[in-house]
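# Residue-level structure breakdown
So the chains spell out like this:
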Amino acid sequence: MEIVEVEGGEELERWLAVQNAVFPRRKSTATGLHDWRRQAEDMVWLLASEDGTPAGAGLAYVGWFSEAGVAGGDVAVLQGRRGRGIGSALYAALSAWAAARGARELDLHVAEDDPESLAWTERRGFAEVGRNAGMVLDLEAIEEPAVEPPPGIEIVSWAERPELAPGIYEAAREAHPDIPGEEDVEIGSFEEWLARDMQGSGDRPEAVFVAVAGDEVAGYAKLSLSAEPDEAAYHDLTAVRRAWRGRKVASALKASQIAWAKRQGYRKLQTQNEERNAPIRALNARFGYVLEPGTVTVRGPLSAGS
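My aim in this report is to walk through the structure given alongside it, one point at a time.

### Quick look at the sheet that holds strand E12 (residues 290–301)
Read from one edge to the other, the open sheet built from 12 strands follows the order E1-E2-E3-E4-E5-E12-E6-E11-E10-E9-E8-E7, with strand pairing classed as mixed. With partners counted over all chains shown, the strands left at the sheet margins are strand E1 (2–5) and strand E7 (154–157), one partner each. The mean inter-strand angle of the sheet, taken between neighbouring strand axes irrespective of direction, is 25°. Sheet topology places strand E4 (residues 70–77) next to strand E5 (residues 105–111); 4 bridges connect them, and they run parallel. Counterpart to Gly 72 in the pairing with E5 is Asp 107.

Structure follows, in structure tokens:
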């Protein structure tokens, strides 16, 4: 067995083939990965091979919606290659990388319908700290919804009102601590947030919808679009300022996203909602989103060999 750090080219394509086989519902692309690496403080991709054949993929990062002292990542091993120590070797290598960057713990993201992998993490001392349910809306099965903002609110795109960026930032800064599991996450300065959250390869100002009351930003909702041709668009964040919650602002923003995605020809919208985030899950259910298996976030110690 050999583990190598991947930078790009054919090796990255082999890495992607393993990662996407293990996590088929959250397919990664080369463009998306390079963009993610740019946005994170630091990131590594590791490819494990047996006799020259790709068998496992590992990913770790720091500084991307992660708490101080905690690295995030994935360990992916192909079904036919499990039970041979590949996952443990990737875990040790990722742990060494994370320890060198000041991390003391590691968050791994595991498909909730993969009991084998969940058991693997439990044996190594990991425990669940979050669970994101997958939700999908079939845009071809619904009519375009009416956008009905509450009195005093207008829905515009960020492309129409680029000067709203500081207000969008304030909405994000207020909303993030209220998301279960992200209470201690810092989104950074305005400039950092703008570069990391709003200017990625899948970010387009016309796919960011803003609820405004005069010149005040009451909330916003953002879609993330794949750089490669794709039938799905992805919900990134819906953020409503506390003073405007409970007044159907989020509903008007969601309707705007759905209507725009249908007009653009997308066939479905996908999202993941933390299971403790009852308001957004209820909102999605009202619009017809259906559940599919999601992701469990488990936190545990770095490998003893790191």
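### Considering the pairing of strand E3 (residues 53–62)
For E3, a buried count of 8 out of 10 residues is recorded, marking the element as mostly surrounded by other parts of the structure. Where strand E2 (residues 42–50) folds back onto E3 in an antiparallel hairpin, the turn is made up of 2 residues, including Asp 51, whose phi is positive at roughly 50°. Relative to E4, E3 is paired through 6 bridges, and the arrangement is antiparallel. Within E4, the position partnered with Leu 59 by the bridge is Asp 74.

### Notes on the packing of aromatic side chains
Counting across every chain of the model gives 9 aromatic pairs. Plain terms: the ring middles of Trp 15 and Trp 45 are 6.4 Å apart, the flat faces sit at 45° to each other, and that makes the pair tilted. One end of the pair, Trp 15, is in helix H1 (residues 9–22); the other, Trp 45, is in strand E2, and 30 residues separate them in sequence. Measuring from ring centre to ring centre gives 6.2 Å for Phe 209 and Trp 260, while their planes differ by 65°; the resulting arrangement is edge-to-face. Here Phe 209 is found in strand E8 (residues 208–213), whereas its partner Trp 260 is found in helix H7 (residues 249–263), with 51 residues between them in sequence. An aromatic cluster of three or more residues is present, and its members are Tyr 91, Trp 120 and Phe 126. Here Arg 26 stacks its cationic end above the ring of Phe 23, 3.8 Å away from the centre of that ring. Residue placement shows Arg 247 over the ring face of Trp 244; its charged tip is 4.0 Å from the ring centre.

The rules behind each value
- Residues numbered from 1 in each chain as written.
- Predicted model: local features only at pLDDT ≥ 70, side-chain atom pairs only at ≥ 80, totals over all residues.
- Heavy atoms only, no water.
- Pairing = 2+ DSSP bridges.
- Helix = DSSP H or I, 4+ residues; strand = E, 2+ residues; numbered from the N terminus.
- Axes fitted to C-alpha atoms, helices over the stretch in contact; angles between N-to-C directions.
- Buried < 20%, exposed > 50% of the residue type's maximum accessible area, 1.4 Å probe, protein only.
- Phe/Tyr/Trp six-rings, centres within 6.5 Å; stacked < 30°, edge-to-face > 60°.
- Lys NZ or Arg CZ within 6 Å of the ring centre and 35° of its normal.

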